[in-house]
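Working through the structure, step by step
Below are the chains, spelled out letter by letter.
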Amino acid sequence: MRNLVWILGLMGCINLVAQNTNCNCCSENHRAFDFWIGEWNVVNSINGTPAGTSIIKQEEDGCVIRENWTSIATVGYTGTSLNYYNAQTQEWEQLWIDNTGAALKLKGNRVDNQMILTSDPFEKDGNTFRNRITWTKNDDGTVRQLWEVLQEGSENVVAFDGLYQRVK
């Protein structure tokens, strides 16, 4: 009887291990934003001044990329983003939330060495805008994040232009 209990317990463990090897988020599309994963010092792309630090990790068995941002330029400002590939819509989605209560939702896809995510249109002062953030994987291992505010018929406004440099 003791051997039967031991064998059933062993079979249960093997079953759990087998279930954990099934990867629900291992497709090429799910891995498209992996170039952003890491620990980063972020500087202003224009003049090199420190902007902040960012720790970006895979979570939920590789189905989510979570960013934790701490600003150096604006003391006390922090935020986090959850990023995932939505297999139903075949798009990447990001939800950004910061400690001021602001939220931003974006969606899009990777094109070549860039992840390009855009918000839905929103109205302000009678004008229609969109946010577009582009992450570019550079050959030297850095990542450029360019956040633009787009208005049809107007020049794009740069909200943030940062260079992510890996912490060594």
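We now turn to the structure provided with this report. (Residues numbered from 1 in each chain as written. Predicted model: local features only at pLDDT ≥ 70, side-chain atom pairs only at ≥ 80, totals over all residues. Heavy atoms only, no water.)

1. Some details on the state of the cysteines
The full count for this structure, using the stated rule, is two disulfides. Here Cys23 pairs with Cys26 through a disulfide, and the sulfurs are 1.6 Å apart. Where Cys23 bonds to Cys26 through sulfur, the torsion about that S-S bond is close to 90°, and the disulfide is right-handed. When its relative accessible area of 33% is taken as the criterion, Cys23 is described as partly exposed. In this model, Cys25 is linked to Cys63 through a disulfide, with the two sulfur atoms separated by 1.9 Å. Of note, the bridge from Cys25 to Cys63 carries an S-S torsion of about 95° and is right-handed in sense. A residue pair is termed long-range when its members are at least 10 positions apart, and Cys25 in the loop between helix 1 (2–20) and strand 1 (38–44) and Cys63 in the loop between strand 2 (50–59) and strand 3 (64–71) qualify at 38 residues. Here the cysteine-cysteine linkages of the protein chain are recorded as 1-3, 2-4, numbering only bonded cysteines and doing so in sequence order. (Disulfide = S-S within 2.5 Å. Buried < 20%, exposed > 50% of the residue type's maximum accessible area, 1.4 Å probe, protein only. Helix = DSSP H or I, 4+ residues; strand = E, 2+ residues; numbered from the N terminus.)

2. Some details on the pairing of strand 9 (residues 127–137)
Remark: a regular strand shows side chains that alternate across the two faces of the sheet. Note: strand 7 (residues 114–118) against strand 9, five bridges, orientation antiparallel. Bridge pairing links Ile116 to Thr134 in strand 9. Pairing geometry for strand 9 and strand 10 (residues 143–151), over nine bridges, is antiparallel. Considered in strand 10, the bridge of Arg130 is made with Leu150. Linking strand 9 to strand 10, which pair antiparallel, is a turn of five residues; within it Gly141 sits at a positive phi near 90°. (Pairing = 2+ DSSP bridges.)

3. A word on the pattern of salt bridges
Under the defined criterion, the tally for this structure stands at four salt bridges. Of the charged contacts in the structure, one is a salt bridge between Asp120 and Lys107, with a shortest N-O distance of 3.6 Å. Residue Asp120 is found in the loop between strand 7 and strand 8 (122–124), and its partner Lys107 is found in strand 6 (residues 103–111); the two are separated by 13 residues along the sequence. Asp120 gets classed as partly exposed once you look at its relative accessible area, which sits at 48%. Its relative accessible area of 35% is what places Lys107 among the partly exposed residues. (Salt bridge = Lys/Arg side-chain N within 4 Å of Asp/Glu carboxyl O.)

4. A word on the side chain of Ser71
When you line up the elements, Ser71 lands in strand 3. With a relative accessible area of 10%, Ser71 lands in the buried category. At 3.2 Å, the side chain of Ser71 forms a polar contact with the backbone nitrogen of Ala73. A polar contact is formed between the side chain of Ser71 and the backbone nitrogen of Thr74, at a distance of 2.8 Å. Filtering out sequence-adjacent residues up to four positions away, Ser71 remains in contact with Ala51, Gly52 and Tyr77. (Polar contact = N/O pair within 3.5 Å; in protein donor to acceptor, adjacent residues only side chain to side chain. Contact = heavy atoms within 4.5 Å.)

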